[in-house]
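# Descriptive structure summary
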Amino acid sequence: MSGPRARRSLACAAAAGALLLASACGTGGGSEAGPGGSAETGGQVADRGGRVVVLAAASLTEPLTALARDYEADHPGVDVALSFGSSTTLAQQVAEGAPADVVAFAGTKALAFLPEDADGRGGRTTIARNTMEIVTPPDNPGRVATLADLARQDLDVVLCASTVPCGAAADEVVAKAGVAPHVVSREVDVKATLAKVRLGEADAALVYHSDVVSAGDAVRGVAIPAGQNTTLDYPLLWLNGREHTVGFARLVGSGKGVAALTAAGFLAP
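All figures in this text were calculated on a predicted structure; none of them were measured in a lab. (Residues numbered from 1 in each chain as written. Predicted model: local features only at pLDDT ≥ 70, side-chain atom pairs only at ≥ 80, totals over all residues. Heavy atoms only, no water.)

### Some details on the state of the cysteines
In protein structure, a disulfide is the covalent linkage between the sulfur atoms of two cysteines. For clarity, the threshold we go by: For this text, the term disulfide refers to a pair of cysteine sulfurs within 2.5 Å. Buried residues are those whose accessible area, probed at 1.4 Å on protein chains only, stays under 20% of the maximum for their type, while exposed residues exceed 50% and partly exposed ones sit between those limits.
Evaluated as defined, the whole model comprises one disulfide. With its sulfur 1.9 Å from that of its partner, Cys160 forms a disulfide with Cys166. Its torsion about the S-S bond being -110°, the disulfide of Cys160 and Cys166 is classed as left-handed. In this structure, Cys160 and Cys166 share a single accessibility class: buried.

### Remarks on the pairing of strand E11 (residues 231–238)
Inclusion rule: Strand pairing is assigned whenever DSSP detects at least two bridges linking the two strands. Helix numbering and strand numbering both begin at the N terminus, where a helix is a DSSP run of H or I of at least 4 residues and a strand a DSSP run of E of at least 2.
Across three bridges, strand E5 (residues 102–104) lies against E11 in antiparallel orientation. Bridging from a neighbouring strand, Val102 pairs with Trp238 of E11. Note that strand E6 (residues 123–136) and E11 share eight bridges and pair antiparallel. When the bridges of E11 are listed, Gly123 appears paired with Trp238.

### Quick word on helix H4 (residues 87–95)
The set of residues buried in H4 consists of Ser87, Thr88, Leu90, Ala91, Gln93 and Val94. Just downstream of H4, Gly97 is the residue with a positive phi angle, here 110°.

### A word on the nonpolar core
The test is simple: Buried Ala, Val, Leu, Ile, Met, Phe, Trp, Tyr and Cys residues form a nonpolar core when they are joined through side-chain atoms within 4.5 Å. Any two residues whose heavy atoms approach within 4.5 Å are treated as being in contact.
Judged by nonpolar contacts, the single largest core of 62 residues is most densely connected at Val54, Leu60, Ile127, Ile134, Leu206, Tyr234 and Phe248. Other than its neighbours up to four places away in sequence, Ile127 contacts Leu60, Ala104, Tyr234, Leu236, Val252, Gly253, Val258, Leu261 and Pro269. Counting 14 residues, the second-largest nonpolar core is a separate cluster that includes Leu90, Ala100, Phe105 and Ala118.

### A word on the environment of Ala66
Considering the arrangement of structural elements, one finds Ala66 in helix H3 (residues 61–74). Measuring from C-alpha to C-alpha, the distance between Ala66 and Ala260 comes to 8.0 Å, with 194 residues separating the pair along the chain.

### A look at unusual backbone geometry
Phi angles above zero are rare outside glycine, and Asn140 is one such case at about 45°. Of note, Asn140 is situated in the loop between E6 and strand E7 (157–160).

### A few points about the pattern of salt bridges
Put simply, the rule is: A carboxyl oxygen of Asp or Glu within 4 Å of a side-chain nitrogen of Lys or Arg is what we treat as a salt bridge.
Taken as a whole and judged by the stated rule, the model has eleven salt bridges. One salt bridge in this structure joins Lys256 and Asp70, with 3.4 Å as the shortest N-O distance. Here the residue Lys256 occupies a position in helix H10 (residues 255–263), and Asp70 occupies one in helix H3, the gap between them amounting to 186 residues. Two residues, Arg242 and Asp101, come together in a salt bridge whose shortest N-O distance is 3.3 Å. One end of the pair, Arg242, is in the loop between E11 and helix H9 (243–253); the other, Asp101, is in the loop between H4 and E5, and 141 residues separate them in sequence. Grouping residues by exposure puts Arg242 and Asp101 together as buried. Counted as one network, the salt bridges with shared partners bring together Glu62, Lys191 and Asp211.

### Structural notes on the packing of H9 against H10
Here is the rule: Here an angle of 0 to 180 degrees is reported between the N-to-C directions of two axes, which are lines fitted to C-alpha atoms, with helices fitted over the stretch in contact. Orientation categories follow fixed angle ranges, with anything under 35 degrees roughly parallel, anything over 145 roughly antiparallel, 65 to 115 roughly perpendicular, and all other angles oblique.
Following both chains from N to C, one finds H9 and H10 inclined at 55°, their axes separated by 4 Å at the closest point. Classed by the angle they form, the pair H9 and H10 counts as oblique. In contact with Leu251, Val252 and Gly253 of H9, H10 contributes Gly255, Lys256, Gly257, Val258 and Leu261.

### What to know about the packing of H3 against H9
Stated formally: Note on convention: the crossing is left-handed when the near helix lies turned anticlockwise from the far helix by less than a right angle, right-handed when the turn is clockwise. Each residue gets one label: Ala, Val, Leu, Ile, Met, Phe, Trp, Tyr, Cys and Pro are nonpolar, Asp, Glu, Lys and Arg are charged, and the others, such as Gly, are polar.
It is at 10 Å that the axes of H3 and H9 come closest, and there the two elements cross at 130°. The pairing of H3 with H9 is recorded here as oblique in orientation. The chirality of how H3 crosses H9 is right-handed. Across the interface between the two elements, Leu64, Leu67, Ala68 and Tyr71 from H3 touch Glu243, His244, Gly247, Phe248, Leu251 and Val252 from H9. Split into classes, the residues belonging to the contact of H3 with H9 amount to seven nonpolar, two polar and one charged.

### A look at the environment of Val188
Structurally, the position occupied by Val188 is in the loop between strand E8 (183–187) and helix H7 (190–198). In this structure Val188 comes out as exposed when scored by relative accessible area, which is 53%. When sequence neighbours within four positions are dropped, the list of residues in contact with Val188 reads Ser86 and Val164.

Here's what the structure looks like:
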């Protein structure tokens, strides 16, 4: 992603709260589908025209960016404004009034933070699944081969914060394995966790399989046995009935969308 849209997406991703996010994205408050499919904010109709505001889990960055480009190319004048981060944080921002037309999360726990009527505003589907994987630098200097190795005191291990989906999943995985990893830091989301390994600041981390795929030769993945692993569903919700809100949601859930997600390392829903 490059150019003005990339800068806007990065600015949105850096937003710390709902008001900051609204300012960074240049849109108003929360949205709700009215009878004609327009968005409503505080009782006033707020028409964003050809703009679709998408808040999504950090692990979805690569496939959703590609699908947004495709949707814009097929619908001249439509702007798909993307913002990526921790699912929990994004859901809380929506609950606090941050503008959003489409949301997509890693795991289902973040759904509890959305307004109670979120499903009733538009619709919901599951677009993908994901599993966990150990990730190391390309040369694997710590010689990490199993989850048990993560307990070694000579290894610096990084996990996501326990309050975000990738951290909760990592905690579940190590609990199943009966391992107490030598954790030196816990990061805000999966991309920040992966970055620690890519930059050589950690010997190993637990991230999603899709993030190992997206990093390519910059890292090495170490598979986790199925009996010790966990699988997360990825729900997507469209929060109003506007034409391009529904249109982009349908693209992500279509055969083309599933193909983009599986190519990025996700499992089919």
